[in-house]
Amino acid sequence: MDCPECGHETVVFAVDPELRAYLPGDEPGASLCPRCLSVRPAVDPPAGEPDFSPLGDAFPDGGAAVPMALLLGLLSSLALYRDEIAALLERVERAGTDPLLVIDRLDADSGIESEVDLGRRRHQLEQLL
């Protein structure tokens, strides 16, 4: 599946029912673009563990991966999704990953061209914690 924003191949993954509230619509999955970090609902996600390796070593795996991906999808509107972002930050932290460090590393990655200013958002997120 290619990203409608930049045309890069996306990472498609299933989203557990308890996390679907953080996605628009009722789809059972989502896609994350490793170039522009846009997140979109996905109708037919593959079963099994998602492979977030196209995002590099900065991106977590295990229980922190999907909440972190969903968090990235909400960063475009901190004011609108404040509660959801705070809940996802907490989930990522409980899974043993520092979400602010992930954002720092993604911001430093020259292959990522996010429309969201990750450095600025990171500072704003720090104030949420």
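In what follows, the accompanying structure is described. (Residues numbered from 1 in each chain as written. Predicted model: local features only at pLDDT ≥ 70, side-chain atom pairs only at ≥ 80, totals over all residues. Heavy atoms only, no water.)

## Some remarks on the pattern of salt bridges
Here is step 1 of the chain: Considering all chains together, one arrives at five salt bridges under this definition.
Here is step 2 of the chain: Note that Glu5 and Arg40 form a salt bridge whose closest N and O atoms lie 2.3 Å from each other. Placement of Glu5 in the segment before strand 1 (11-14) and of Arg40 in strand 3 (residues 39-42) is noted, with a sequence separation of 35 residues between them.
Here is step 3 of the chain: Two residues, Arg122 and Glu126, come together in a salt bridge whose shortest N-O distance is 3.3 Å. Note that Arg122 and Glu126 are positioned in helix 4 (residues 118-128) at a spacing of four residues, about one turn of the helix.
Here is step 4 of the chain: Judged by its relative accessible area of 43%, Glu126 falls in the partly exposed class. (Salt bridge = Lys/Arg side-chain N within 4 Å of Asp/Glu carboxyl O. Helix = DSSP H or I, 4+ residues; strand = E, 2+ residues; numbered from the N terminus. Buried < 20%, exposed > 50% of the residue type's maximum accessible area, 1.4 Å probe, protein only.)

## Some thoughts on the packing of aromatic side chains
Here is step 1 of the chain: Applying the stated rule across the entire model yields two aromatic pairs.
Here is step 2 of the chain: For the pair Phe13 and Phe52, a centre-to-centre distance of 5.1 Å together with 55° between the ring planes defines the contact as tilted. In this pair, Phe13 is assigned in strand 1 and Phe52 in the loop between strand 3 and helix 1 (65-74), connecting sequence segments 39 residues apart. Across the pair, Phe52 and Phe13 agree in class, each one buried.
Here is step 3 of the chain: A centroid spacing of 4.9 Å and a plane angle of 35° characterise the contact between Phe52 and Phe59, whose relative ring orientation is tilted.
Here is step 4 of the chain: Here Phe52 falls in the buried class, since its relative accessible area comes to 6%. (Phe/Tyr/Trp six-rings, centres within 6.5 Å; stacked < 30°, edge-to-face > 60°.)

## Looking at the nonpolar core
Here is step 1 of the chain: Phe13, Leu32, Phe52, Phe59, Leu70, Leu75 and Leu106 are the most contacted members of the largest nonpolar core, which has 37 residues in total.
Here is step 2 of the chain: Mapped onto this core, the elements with two or more residues apiece are strand 1, strand 2 (29-32), helix 1, helix 2 (82-94), helix 3 (99-108) and helix 4.
Here is step 3 of the chain: If you tally residues by element for this core, the top one is helix 1, at eight residues. (Core = buried A, V, L, I, M, F, W, Y, C linked by side-chain atoms within 4.5 Å.)

## A short note on the sheet that holds strand 3
Here is step 1 of the chain: Taken together, three strands build an open sheet; the order of strands is 1-2-3 and the sheet is antiparallel. The open sheet is flanked by strand 1 and strand 3, the only strands paired with a single partner. The mean angle between the axes of side-by-side strands here comes to 30°, regardless of whether they run parallel or antiparallel.
Here is step 2 of the chain: Those strands touched by helix 1 are strand 1, strand 2 and strand 3, and its axis lies near 120° from that of strand 1. (Pairing = 2+ DSSP bridges. Axes fitted to C-alpha atoms, helices over the stretch in contact; angles between N-to-C directions. Contact = heavy atoms within 4.5 Å.)

## Remarks on the layout of surface pockets
Here is step 1 of the chain: Estimates place the volume of the largest pocket at around 420 Å³.
Here is step 2 of the chain: In terms of lining, the largest pocket is formed by 23 residues, of which the most central are Val39, Leu72, Gly73, Leu74 and Ser76.
Here is step 3 of the chain: At the level of secondary structure, the elements contributing two or more residues to the lining of the largest pocket comprise strand 3 and helix 1.
Here is step 4 of the chain: Ranked by residue count, the leading element in the lining of the largest pocket is helix 1, at four residues.
Here is step 5 of the chain: Residue composition of the lining of the largest pocket, by class: 15 nonpolar, four polar and four charged. (1 Å grid on protein atoms, 1.4 Å probe; cavity = no way out; pocket = protein on both sides within 12 Å on 5 of 7 lines; lining within 4 Å. Points joined across faces, edges and corners; volume = space filled by probe spheres on them. Nonpolar A, V, L, I, M, F, W, Y, C, P; charged D, E, K, R; others polar.)

## Regarding helix 2
Here is step 1 of the chain: The first and last C-alpha atoms of helix 2 sit 18 Å apart over 13 residues, in line with the 18 Å expected at 1.5 Å per residue.
Here is step 2 of the chain: Among all positions in helix 2, only Ile85, Leu88, Leu89 and Val92 are buried. For helix 2, the arc enclosing every buried residue in end-on projection is 105°, short of the 170-degree limit, so these residues lie on one face. Looking at helix 2, the residues exposed on the side facing more than 90 degrees away from the buried face are Asp83 and Arg94.
Here is step 3 of the chain: On the buried face of helix 2, the contacting elements are helix 1, helix 3 and helix 4. (Expected span 1.5 Å × (residues − 1). Arc of directions from axis to C-beta.)

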